[in-house]
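# Examining the three-dimensional arrangement
Here's the letter readout for the chains.
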Amino acid sequence: QYSVFSRHFASWGFIAVGIDYTDDANHEQDAYEAIAVIDWVDSSESPVTDTVDINRIATAGHSLGGKVALFAAILDSRIKSVIGWDPVDAGGPPCFIDPEQCNAWSIAPNSFDGDEGMMNDLNASFLLFGAPPGAFNPEEHNCKRFWEGAKAPSYFVFFPNGSHLNWPGASLEQRITKRTQVAWLMRH
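The structure reproduced in this document is the subject of the present report. (Residues numbered from 1 in each chain as written. Predicted model: local features only at pLDDT ≥ 70, side-chain atom pairs only at ≥ 80, totals over all residues. Heavy atoms only, no water.)

## Some thoughts on the packing of aromatic side chains
Given two aromatic rings, their pairing is described by the distance between the two centres and the angle made by the two planes. Applying the stated criterion to the full structure yields six aromatic pairs. With a centroid separation of 6.3 Å and 80 degrees between ring planes, the pair formed by F9 and F14 is classed as edge-to-face. The exposure class assigned to F9 is buried, which follows from its relative accessible area of 10%. Accessibility expressed as a relative area gives 25% for F14, which makes it partly exposed. An aromatic cluster of at least three residues, connected via ring pairs, comprises Y2, F5 and W85. (Phe/Tyr/Trp six-rings, centres within 6.5 Å; stacked < 30°, edge-to-face > 60°. Buried < 20%, exposed > 50% of the residue type's maximum accessible area, 1.4 Å probe, protein only.)

Written out as structure tokens, the structure is:
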């Protein structure tokens, strides 16, 4: 679904590596899997190790992937920039599917349960794209929560008529996101 972003990054000279998580139920494990990919890119096993500037790493993701991208950046200082495509701070699948996991592994401040999250530990620049709350990104876990805890340099592009599901498909949100994030990465 997200290869359109990888191809776009590559067309601008960035090396883009995508991953599939082995266990979407444990977001901390997912973040460490993302870090393991960075370790691999920087290893002798990687075909791109001589091309990558390990001091200029960015992570990006949509929904759960956006949360995991932030979590990985909090855990690994090699990550210098994070792009979140409507990240959701829920702890598992959407809350209406698994309410018991809803508040697990909170990263963003959550005024509904008093958790201050971990965004104060994020030292990477942060570009956030977001849509209003809905079934997949409820108010208590909406992308706005990440923005509330973000430190500078951070930027929030909010689509008031957008939908959480617009990033995987061809949409106005996707077109604007593709252009904006390349400019962001070139700067950061």
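Now that the structure has been shown, we can carry on.
## With respect to the pattern of salt bridges
For the structure shown, the criterion picks out six salt bridges. The partner of D39 in a salt bridge is R78, with the nearest N and O atoms 2.6 Å apart. Here D39 is found in helix α2 (residues 27-41), whereas its partner R78 is found in the loop between α3 (64-75) and β2 (79-85), with 39 residues between them in sequence. Residue classification places D39 among the partly exposed residues on the basis of a relative accessible area of 39%. With a shortest N-O distance of 3.8 Å, D89 and K67 are connected by a salt bridge. Separated by 22 residues along the polypeptide, D89 in the loop between β2 and β3 (125-130) and K67 in helix α3 bring together distant segments of the chain. The class of D89 is buried, set by a relative accessible area of 2%. You can call K67 buried: its relative accessible area is 0%. A single salt-bridge network, built from bridges that share partners, covers E139, K144, R145 and E148. (Salt bridge = Lys/Arg side-chain N within 4 Å of Asp/Glu carboxyl O. Helix = DSSP H or I, 4+ residues; strand = E, 2+ residues; numbered from the N terminus.)

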